[in-house]
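Examining the three-dimensional arrangement
Here is how the chains run, residue by residue.
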Amino acid sequence: KGLNEADLVLDIAVRLEKLLKAQPGVEVVQTRRSDVYVPLEERTALANREGADLFLSIHANASENPKARGLETYYLNFAPNPEAERTAARENAGSARTMRALPDIVKAIALNNKIDESRDFASLVQTSLVARLRRANRNTRDLGVKQAPFMVLIGATMPSILAEVSFITNEDESRLLKTSSYRQQIAAALFQGIQRYQRSLKADARIAAQ
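Scope of this entry: the structure provided in the associated data block. (Residues numbered from 1 in each chain as written. Predicted model: local features only at pLDDT ≥ 70, side-chain atom pairs only at ≥ 80, totals over all residues. Heavy atoms only, no water.)

**A look at the pairing of strand β2 (residues 71-76)**
Summarising burial for β2: six of the six residues are buried, a large majority. Burial of the side chains of β2 extends over both faces: L71, T73 and Y75 are buried on one face and E72, Y74 and L76 on the other. Pairing of β2 with strand β3 (residues 142-148) involves five bridges; the strand directions are parallel. Bridged to Y75 within β3 is Q147. Where β2 meets strand β4 (residues 160-167), three bridges bridge the pair, whose relative direction is antiparallel. For T73, the partnering residue across the bridge sits in β4 and is A163. (Buried < 20%, exposed > 50% of the residue type's maximum accessible area, 1.4 Å probe, protein only. Helix = DSSP H or I, 4+ residues; strand = E, 2+ residues; numbered from the N terminus. Pairing = 2+ DSSP bridges.)

So this is what it looks like as structure tokens:
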């Protein structure tokens, strides 16, 4: 319907970058700034090389069911159900790794102490997305925080999540995604989720210090 996911999410990422860079002491590293394909494995590798504190992968969702709608945020782990597995398989389609090797990789990541932090990060971003985007789309659904074996999250040494910011295959959400105002609301919601996570870390640090 005239929408391209690559262009859409790049636009949202640039909008988010502007919001983040307006904050003192915040640096932003984009995995791409034009219509080029960056291999999934290279995206987390870049974040690791740059010493990033957080990794956020932005995507538009899709479904064979045109009525599917809503927002969901993922962190890396085994897929607990076929639906999450299908979503991961779709997003992993561009990976050079085989799905056969995935369980061993996920087991290694699951032992990493960032898994709990990633879940907390995902929860705050999901809450922000739902609260803000329901103002623009009262019919949107909160699909929750989920876990799945996304290749783009494998190997990250920092809390890392993947946000599905509406269904590109849903007529109503597709129409909204074409508008600058809705894209800005998505960026603002992601920004708010990041801020909330940062504040939670500072609160934990204060408690530990006391």
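**Examining the nonpolar core**
Formed by 29 residues in total, the largest nonpolar core has its most connected members in I12, L16, I58, L129, V165, I186 and L190. Elements with a contribution of two residues or more to this core: α1 (5-21), β1 (55-61), α5 (114-136), β4 and α7 (180-209). Element by element, the count of residues in this core is highest for α7, at eight residues. Ignoring anything within four residues of it in the chain, the contact list for I58 reads V9, I12, A13, L16, A163, V165 and L190. (Core = buried A, V, L, I, M, F, W, Y, C linked by side-chain atoms within 4.5 Å. Contact = heavy atoms within 4.5 Å.)

**Points about the sheet that holds β3**
The mixed open sheet is built from four strands, whose spatial order is β1-β4-β2-β3. Two strands lie at the open edges of the sheet, namely β1 and β3, each paired on one side alone. Geometrically, the sheet is characterised by an average inter-axis angle of 20 degrees between neighbouring strands, direction not taken into account. Where β1 lies against β4, six bridges are found, and the strand directions are parallel. Considered in β4, the bridge of H59 is made with E164. Against the sheet, α1 engages β1 and β4, with an angle of about 140 degrees to β1. (Axes fitted to C-alpha atoms, helices over the stretch in contact; angles between N-to-C directions.)

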